[in-house]
Amino acid sequence: MVWILGTRQPIIYLLHADTAGQLKNVNKHAGKIRIETMTLKKFNLRQLMVVLPACALAFVIACGCGQEALYSGSAVSNLLPVALAGHTTRTAAPAHYTAASPAFRDVMRVSGIDYRWQITGKRPLNILQTIGNGCAFLDYDNDGNLDVLLVGPRLALYRGEGGGHFEDVTKSVGLDKLHGHFLGCAVGDYDNDGYDDIYVSGYHTGLLLHNDDGHQFRDVTEAAGLKPQPWGTSCGFADLDGDGFLDLYVANYVHFDPKSDLLLCRTRGILSGCGPKDYDGVKGVLYHNDHGRGFRDVTREWTAASAHGKGLGVAFADFDGSGRQGVAVANDLVAGDLFQNSSHHRLTNIGVPSGTAMDPLGEIHAGMGIDWADYDNDGRLDLFVTTFGGEPKCLYHNDGSGLFTYTGEQAKLDGGTLPYVAWGCKFLDADNDGWLDLVIANGHVQDNIDRFEHATYRQPTLFFHNRGGVHPSFEGGLKSAGFDHLPAIVGRGLAIGDFDNDGRVDILVVDSEGAPLLLHNETAVSDDSWIGFRLIGQGHSNRDAYGA
């Protein structure tokens, strides 16, 4: 018997292959799951990494934006969404499988994508100007090719034509008519009509865009009962009550009015952007999906109002093996939140007692990016939170029973990440060896930081290769996988997905003062190291099968 791990848009699916080679869904509480399509490459049941044609993860700002991301049996949005599910066992590649060293190349200039983020206004920049932007992979027209969504004052959608080339369809789908201070995004089929919809977060805004049969997106925000948020950042879809429809969580950051609030602060006598401690925090909001007809604010009713605010990252996961999605929120210089789903429409914030609310010294940190993954293949989903420069980037090992232990130093993620201001982060298996690697987008928040510290505004994107073993550790960083050839950027959002359907997971990274990085995975992998398939939820499952 073999466990197969796969990813579709924001989720990861667990299927079981019996001795006859038949694939069967064995996830708990997921309703019926139908395999619609499969792509086989000399399929070897003993070594498997699954890459879906419709795979997309996203975390905005901190992570990018997009659909939930599920690992192990369980998007994204950066302002982030990530959904994970099931408590499972993942089998790494057999001993005879020798993976090549991961290798990536930036192909943005030849991809057909023509987009740049620009921060306008006087310098130095304030906290709102440098908060960043998100991105997502999605398959909005169900053609089996991943498309690219880029979020900024101007939304842009690029349709994947196959073979790694994209066409700008922003105007034809109606996104050119939308304007606002947009920051993050989440992708999910909220009404189960078979087409992925989009939620866009932002400053004094928030839009729900209905996908009309893959032809156009229509603004249904007001009709759906959603309200503009004070400062919406990371966001994500997940079915929290198991009714078959995706609910929505939107993190908020701080109260900020550029007309009356402090814009700049002095550091060593030099004016620069202020930090989150200079502003009052705003809590996130939880919306329940009323069977695709609209959304209702259940933040207090479902006891999600105990969040600490100043949220920049959101990730969903069935981290306790209950079959129910929990919610982790990375907060900036306040305690992090971890909501355990106790069923009966009740979320319990166990952030502090779980060991995930603080850094290894018990101090608050600047939580920004966030992701769930079973990095050591023990069957439990672990949590990773990115933080500010000089702070440990926190890898929390899931010990079970709602308890976590900081293992960043043991996993050798401390030294190489310490100098950088880290945002979007994603686990991915770059070389199909059965062990999840890690990519991190970095960029400072003060554009003149070099005037008063030994640091830079633009920073490198980092890749860490998981060496596996009984106690897995990561190697790499700046000089790994070709990342040393990439330009330094003002990194924020990050998404992953196989945009050319070659069985290797690619990477999309936001540069908030430049063009995106589109990193094509050119690792030499064998054809029998992957399998691709697309899942469709039926019965009590949401159609995207988020949480499967």
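Here the structure is a predicted model, which means the values were calculated and not measured.

Asker: When you look at the sheet that holds strand E12 (residues 156-162) in this model, what are you seeing that I'm missing?
Answerer: As a general point, the strands of a sheet are linked pairwise by backbone hydrogen bonds and lie either parallel or antiparallel. In spatial order, the strands read E10-E11-E12-E13; together these four strands make up an open sheet with antiparallel pairing. At either end of the open sheet lies a strand with only one pairing partner, and these are strand E10 (135-138) and strand E13 (165-168). Across this sheet, the average inter-strand angle for adjacent strands is 25°, counted without regard to direction. Direction of pairing for E10 relative to strand E11 (residues 147-150): antiparallel, over a ladder of four bridges. The residue of E11 that forms the bridge with Leu-138 is Asp-147.

Asker: Where do I start with unusual backbone geometry in this structure?
Answerer: Generally, phi is negative for residues other than glycine and the peptide bonds are trans, each holding for most cases. The linkage connecting Arg-123 with the following residue, Pro-124, adopts the cis geometry, with an omega of 0°. In this fold, Pro-124 is placed in the loop between strand E9 (104-106) and E10. Positioned with a positive phi, Lys-412 is a non-glycine residue whose angle comes to about 60°. Mapped onto the secondary structure, Lys-412 falls in the loop between strand E30 (403-406) and strand E31 (422-428). Phi at Asn-501 is positive, roughly 55°, even though this residue is not glycine. Looking at where Asn-501 falls in the secondary structure, it is placed in the loop between strand E35 (491-497) and strand E36 (506-511).

Asker: What is the right way to look at a negative patch on the surface in this model?
Answerer: Together, Asp-114, Glu-161, Glu-167 and Asp-168 make up a negatively charged patch on the protein surface. Mapping Glu-161 onto the fold places it in strand E12. Taking the relative accessible area as the measure of exposure, Glu-161 reaches 40% and is therefore partly exposed.

Asker: Please clarify how the side chain of Thr-356 should be interpreted in this entry.
Answerer: Here Thr-356 shows up in the loop between helix H1 (351-354) and strand E27 (370-373). By relative accessible area, Thr-356 is classed as buried at 6%. In terms of polar contacts, Thr-356 uses its side chain to reach the side chain of Ser-354, at 2.8 Å. Among all residues touching Thr-356, those that are not within four sequence positions of it are Leu-338, Gly-351, Leu-383, Tyr-396 and Phe-404.

Analysis parameters
Residues numbered from 1 in each chain as written. Predicted model: local features only at pLDDT ≥ 70, side-chain atom pairs only at ≥ 80, totals over all residues. Heavy atoms only, no water. Pairing = 2+ DSSP bridges. Helix = DSSP H or I, 4+ residues; strand = E, 2+ residues; numbered from the N terminus. Axes fitted to C-alpha atoms, helices over the stretch in contact; angles between N-to-C directions. Patch = residues over 30% accessible without salt bridge, like charges linked within 9 Å, V, L, I, M, F, W, Y side chains within 5 Å. Areas by Shrake-Rupley, 256 points an atom, 1.4 Å probe, with all protein chains shown as cover. Salt bridge = Lys/Arg side-chain N within 4 Å of Asp/Glu carboxyl O. Lys, Arg positive; Asp, Glu negative; His and termini not counted. Charge placed at Lys NZ, Arg CZ, Asp CG, Glu CD. Buried < 20%, exposed > 50% of the residue type's maximum accessible area, 1.4 Å probe, protein only. Polar contact = N/O pair within 3.5 Å; in protein donor to acceptor, adjacent residues only side chain to side chain. Contact = heavy atoms within 4.5 Å.

Remember, this is a structural readout, not a statement about activity or role.
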